Number of protein chains: 2
Amino acid sequence: MAPEKSRRERPAKPALTRHGIVAAAVGILREEGLRKVTMRRLAQELDTGAASLYVYVRNTAELHAAILDELLGTITRSSSDGGWRDRLEQLLTAYAATLLEYPGLALSALVARPSGKNYLGLVETMLALLAEGDVPPERRAWGIDLLLQYATATAAEHADEESPEEWDALARAVHEADETTHPQIAAHAADLLSGQPAQRMSWGIRVLITGITGTAVPAERNPT
Amino acid sequence: MAPEKSRRERPAKPALTRHGIVAAAVGILREEGLRKVTMRRLAQELDTGAASLYVYVRNTAELHAAILDELLGTITRSSSDGGWRDRLEQLLTAYAATLLEYPGLALSALVARPSGKNYLGLVETMLALLAEGDVPPERRAWGIDLLLQYATATAAEHADEESPEEWDALARAVHEADETTHPQIAAHAADLLSGQPAQRMSWGIRVLITGITGTAVPAERNPT
DNA sequence: ACCTGAACACCGTTCAAGT
DNA sequence: ACCTGAACACCGTTCAAGT
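The rules behind these values
Residues numbered from 1 in each chain as written. Chains lettered and ligands numbered in written order. Predicted model: local features only at pLDDT ≥ 70, side-chain atom pairs only at ≥ 80, totals over all residues. Heavy atoms only, no water. Phe/Tyr/Trp six-rings, centres within 6.5 Å; stacked < 30°, edge-to-face > 60°. Helix = DSSP H or I, 4+ residues; strand = E, 2+ residues; numbered from the N terminus. Buried < 20%, exposed > 50% of the residue type's maximum accessible area, 1.4 Å probe, protein only. Near = heavy atom within 4 Å. Polar contact = N/O pair within 3.5 Å; in protein donor to acceptor, adjacent residues only side chain to side chain. Nonpolar A, V, L, I, M, F, W, Y, C, P; charged D, E, K, R; others polar.

Taking an unreviewed UniProt entry as the reference, chain A is identified by name as TetR family transcriptional regulator belonging to Amycolatopsis regifaucium.

If you want it as structure tokens, here you go:
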């Protein structure tokens, strides 16, 4: 008896909503990292059972997508200046920076293409920038795909969480490359390993923009 | 007593070796897919306990890398003809085709950069092709990174295993885009969804080659 | 309709103990 | 040195049963 009274002992358990679930997930993400954002941990945070979450979220992949779109909300409205190329580069850099904070999310985004509100806003803005640059329409559409994939994949590469280790493996292999069996690698060793991540990213974006503006899309393009 | 006799009852259990482990892993991969290539399943196949594998393989990531390099052995020696651009495109297409058979491996390769024998062979060949095209040396090194990342990421995108589902989500969002809030998406809807995967891949590779040949690498490139 | 506990069917990795 | 069983510390998802 008197359930109201005992309820008041601790903060009222808020009703489950999709939005509340995603918000709690973002909280865990920020405090403990993506790896801890599991259905079970999330349910625990919301004082319920993991099974209850499946009423609002189809599966873990959808949860990750919702989290990403939430994070994307902050970058969509980032102002920038300069020509369309610079503004496009700034926008992509901001997108990549967000993903680099949680590379595991980038991995999810690569596998399950996002389709959330803020992601669509990003696509919209990028299309407008390419239009401003007088890039032909078909190349705009295919081009943003390439650009977003590049930023996403670059962030995803860091999903091994704190491992100077794997990188070392490639660096060692490159340095130890035999000059007779692998003359090219030996000759290019320094360049293969050079460059700050930001430098590489900036170069990559410019490579893509140049390539996109200069490469015609095939005339016949059947819908997939 | 007579342990030799009872041993002969079933095929002699072969001694564990790193090579044998990787070969068994490739077998499971081909029969049942990457998802089934787990330490436990692999140990079962080799008639031992999962813990025993850790003598030869540091962890699952390293196992995946070893599997990938094994698969790469077949493509490294694929002959091709045409100019350097065509041969480069053919090589990358063969690499991508291998990864597309097992997109989960592509995901692993993206996160833990490969450094196996056959991967290095691929790098070596690509560097030589860009040299043939008189691409400046620094751009060759940075360029192959971009090209390999593109092929790997494109394959990794298919790691959701049989889901027309996620793709539908984006397609639906694009088709339902509001003309007033998302005029660009509405205008580009058809192009955003057009193109066979092979067409897109071919275009992407050519975009990258064009961009790489035309975009200078920064003069100051501190080693990472 | 929503929520739950319990179960199903798994994981990777470590470690003490054996040979 | 190599190999093992058992344990530790988890997962996602489903489902029958409750409200």
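On to the packing of aromatic side chains, then. One pass over the full model with this rule turns up two aromatic pairs over all chains. Seen from their ring centres, Trp142 of chain A and Trp203 of chain B are 5.6 Å apart, and the 80 degrees between their planes marks the pair as edge-to-face. A residue pair is termed interchain when its members come from two chains, as with Trp142 of chain A in helix 9 (residues 137-156) and Trp203 of chain B in helix 12 (residues 197-214). Judged on exposure class, the residue Trp142 of chain A and its partner Trp203 of chain B are both buried.

Lining the immediate environment of DNA strand D, one finds 14 residues, of which Arg40 and Tyr54 of chain A together with Lys13, Thr48 and Tyr56 of chain B sit closest. Backbone atoms, meaning sugar plus phosphate, form 55% of the atoms of DNA strand D positioned within 4 Å of the protein. A distance of 3.3 Å is found between a phosphate oxygen of DNA strand D and a backbone nitrogen or oxygen belonging to Met39 of chain A. Residue Arg40 of chain A places a side-chain N or O atom 2.5 Å away from a base nitrogen belonging to DNA strand D. Elements represented by at least two residues in the surface near DNA strand D include exactly helix 3 (39-45) and helix 4 (50-53) of chain A together with helix 4 (50-53) of chain B. Residue composition of the surface near DNA strand D, by class: six nonpolar, five polar and three charged.

The next thing to look at is unusual backbone geometry. What is expected of a backbone is that most residues other than glycine have negative phi and most peptide bonds are trans. Residue and element names in this part refer to chain B. Its identity as a non-glycine residue notwithstanding, Asp47 has a phi of 60 degrees, on the positive side. Mapped onto the elements of the fold, Asp47 is located in the loop between helix 3 (39-45) and helix 4. The exposure class assigned to Asp47 is partly exposed, which follows from its relative accessible area of 49%. A positive phi angle, near 60 degrees, is found at Asp134, a position not held by glycine. Among the structural elements, Asp134 can be located in the loop between helix 8 (117-132) and helix 9 (137-156). Note on Asp134: relative accessible area 68%, which makes it exposed.

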